[in-house]
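Below are the chains, spelled out letter by letter.
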Amino acid sequence: MFRIPESIAAVGKERINGFPVEGFVYGEGPERPELMLIGEAPGEFEIVDGIPFVGRAGKELMRSLGSIGLSREDVYITSAVRSRPYRWGMKKERDGTLTERKYNRPPTQKEILAHAPVLDYELANVKPKLIVTLGNVGLQRLLGKEAKVTELHGQLLEKPVRCLPDLSSTAYEWTERLYRIVPTFHPASVFYRPSHRPDLDADWLSIGKLLEEMRNV
């Protein structure tokens, strides 16, 4: 199993300090997996359990993996940001009272930049056959803002990815190495946009076929 060194985790925790985020979730999986999955950021369940994709979206992701004969143990799961970005909001309880609670929110560009060295380390050291980005945040972290999951989902891309040249940098540079990437929708997208499901299922079947071809090379 691969796990980032504590020194890299410490860099991530220090750089994200001061942002409205909580906790820190490590990536999880084998060192040479067939797939590396890159999501957005942990949510409230992931922060409690310390494991990526354990909530409702996690069940959906396991269903997709299962459709191509893989399980959580076969893949390396990580995300662009390792701490849960939250916002405060009011929740109406069953008895009508309002309580203040934390809600998930998408990470900002500055938060993604803060945790860039953590993902850079994984990209350099985990050796997947294929990277699957889950949603726009993971995709754009690698390929820039012009990359859109609605346009690129299910396609095999062979491209360099964005990385920070050093810890003082505020601008990404491109890696010399090319990575094989297939973008697809975030598993949670089917909850608020059910029309994505046929595309999501088709993307995963394409990913399964690609892996079969790679195994036979």
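As a convention, each chain's residues are numbered from 1 in the sequence order in which they are written. Given that this is a predicted model, residues contribute local features only at a pLDDT of at least 70 and side-chain atom pairs are listed and counted only at 80 or more, while totals for whole chains, interfaces and linings are drawn from all residues. Heavy atoms throughout the structure, all of them, feed into the side-chain values; hydrogens and water do not.

S.K.: I keep staring at the sheet that holds strand β1 (residues 21-22) and nothing clicks. Help me out?
M.R.: The pairing of strands in a sheet comes from backbone hydrogen bonds and takes either a parallel or an antiparallel form. Between any two strands, pairing holds if DSSP finds at least two bridges. In DSSP terms, a helix is any run of H or I states spanning at least four residues, a strand is any run of E spanning at least two, and both are numbered starting from the N terminus. An order of β1-β4-β5 is seen for the 3 strands of this open sheet, with the pairing classed as antiparallel. This sheet does not close on itself; its edge strands, each paired only once, are β1 and β5 (98-104). Here 2 bridges tie β1 to strand β4 (residues 84-92), and the two strands are oriented antiparallel to one another. Residue pairing for β4: V21 is matched across the bridge by P85.

S.K.: Explain the nonpolar core here, please?
M.R.: Where a protein is soluble and globular, its nonpolar side chains tend to be buried together. Grouping buried Ala, Val, Leu, Ile, Met, Phe, Trp, Tyr and Cys residues that are joined through side-chain atoms within 4.5 Å yields what is termed a nonpolar core. Only protein chains enter the accessibility calculation, which uses a 1.4 Å probe; a residue is then buried when its area is under 20% of its type maximum, exposed when over 50%, and partly exposed in between. Residues L35, L37, L123, L142, W204 and I207 are the most contacted members of the largest nonpolar core, which totals 47 residues. It is helix α9 (residues 197-215) that contributes the most residues to this core, 6 residues altogether. Ignoring anything within four residues of it in the chain, the contact list for L142 reads I38, L119, L123, I131, T133, P160, V161, R162, W174 and I181. Core analysis: the second largest hydrophobic core is formed by 8 residues, A80, V81, I112 and A116 among them. The contact rule is simple, with two residues in contact once any of their heavy atoms fall within 4.5 Å.

S.K.: What should I look at first to understand the pairing of β4 in this one?
M.R.: Residues in a regular strand point their side chains to alternate faces of the sheet. Pairing of β4 with β5 involves 7 bridges; the strand directions are antiparallel. The partner of R87 across the bridge, within β5, is Y103.

S.K.: Help me understand the packing of helix α1 (residues 6-16) against helix α5 (residues 116-125), please; the structure alone is not making it clear to me.
M.R.: The geometry of a pair of packed helices is captured by two quantities: the angle between their axes and the separation between those axes. Fitting a line to C-alpha atoms yields each axis, with helices limited to the stretch in contact; the angle taken between N-to-C directions then spans 0 to 180 degrees. For the pair α1 and α5, the least separation of the axes is 8 Å and the interaxial angle reads 155°. Classified by the angle their axes make, α1 and α5 are roughly antiparallel. Residues I8, V11, G12 and R15 of α1 form the contact with α5, whose own contacting residues are P117, V118 and Y121. Note on residue categories: nonpolar means Ala, Val, Leu, Ile, Met, Phe, Trp, Tyr, Cys or Pro, charged means Asp, Glu, Lys or Arg, and polar means any other residue, Gly included. A per-class count over the contact of α1 with α5 returns 5 nonpolar, 1 polar and 1 charged. Relative orientations are named as follows: roughly parallel for angles under 35 degrees, roughly antiparallel for angles over 145 degrees, roughly perpendicular for angles from 65 to 115 degrees, and oblique for any other angle.

S.K.: What's the story with the pattern of salt bridges in this structure? I'm lost.
M.R.: Where charged atoms from two side chains of opposite charge approach closely, those side chains can pair. For salt bridges, the criterion is a side-chain nitrogen of Lys or Arg within 4 Å of an Asp or Glu carboxyl oxygen. Across all of its chains, the model carries 15 salt bridges by this definition. A salt bridge links E34 to R215; the nearest nitrogen and oxygen atoms lie 2.6 Å apart. Within this pair, whereas E34 is found in the loop between β1 and β2 (35-39), its partner R215 is found in helix α9, the two being separated by 181 residues in sequence. Note on E34: relative accessible area 16%, which makes it buried. Using a relative accessible area of 35% as the deciding quantity, one classes R215 as partly exposed. Here R101 ties to E44 by a salt bridge, and the two come within 3.1 Å at their closest N and O atoms.

S.K.: Hey, could you run me through the layout of surface pockets in this one?
M.R.: In this approach a probe as big as a water molecule rolls over the atoms, and the regions it shows empty are the leftover space. Considering only enclosed or pocket space, the largest pocket measures out at about 810 Å³ in volume. For the lining of the largest pocket, the secondary structure elements donating two or more residues are α2 (44-49), α3 (56-67), β3 (76-79), β4, β5 and α8 (189-192). Classifying every residue of the lining of the largest pocket by side-chain character gives 18 nonpolar, 11 polar and 9 charged. Detection works on a 1 Å grid of protein atoms alone, calling trapped sets that fit a 1.4 Å probe cavities and calling open sets with protein on both sides within 12 Å along at least five of seven lines pockets, with lining residues defined by an atom within 4 Å of a point. Grid points are joined across faces, edges and corners, and a volume is the space filled by probe spheres set on the points.

S.K.: So what exactly am I meant to see when it comes to the environment of G29 here?
M.R.: Of note, G29 is situated in the loop between β1 and β2. Sequence separation between G29 and T78 is 49 residues; the distance between their C-alpha atoms is 8.9 Å. Here G29 is in contact with M1, F2, V75 and Y76, once residues within four sequence places are set aside.

S.K.: Quick question: what am I supposed to make of the packing of aromatic side chains here?
M.R.: The relative placement of two aromatic rings is captured by the distance of their centres and the angle of their planes. Note on aromatic pairs: the rings of Phe, Tyr and Trp (six-membered ring only in Trp) are paired at centre separations within 6.5 Å, and the planes decide the class, stacked below 30 degrees, edge-to-face beyond 60, tilted for the rest. This structure, assessed with the given rule, holds 4 aromatic pairs. Note on F2 and Y76: the rings are 5.9 Å apart at their centroids and 70° apart in plane angle, and the pair reads as edge-to-face. One end of the pair, F2, is in the segment before α1; the other, Y76, is in strand β3, and 74 residues separate them in sequence. We note that F2, like Y76, is buried. Arranged with centres 5.3 Å apart and planes meeting at 80°, the rings of F24 and Y26 form a pair that is edge-to-face. Here the two residues F24 and Y26 agree in accessibility, since each one is buried. Through successive ring pairs, a cluster of aromatic residues spans F2, Y76 and Y121. Over a ring means this: the NZ of a Lys or the CZ of an Arg is within 6 Å of the ring centre and within 35 degrees of the ring normal. Geometry around F191 places R56 over its ring, the cationic atom sitting 3.8 Å from the centre.

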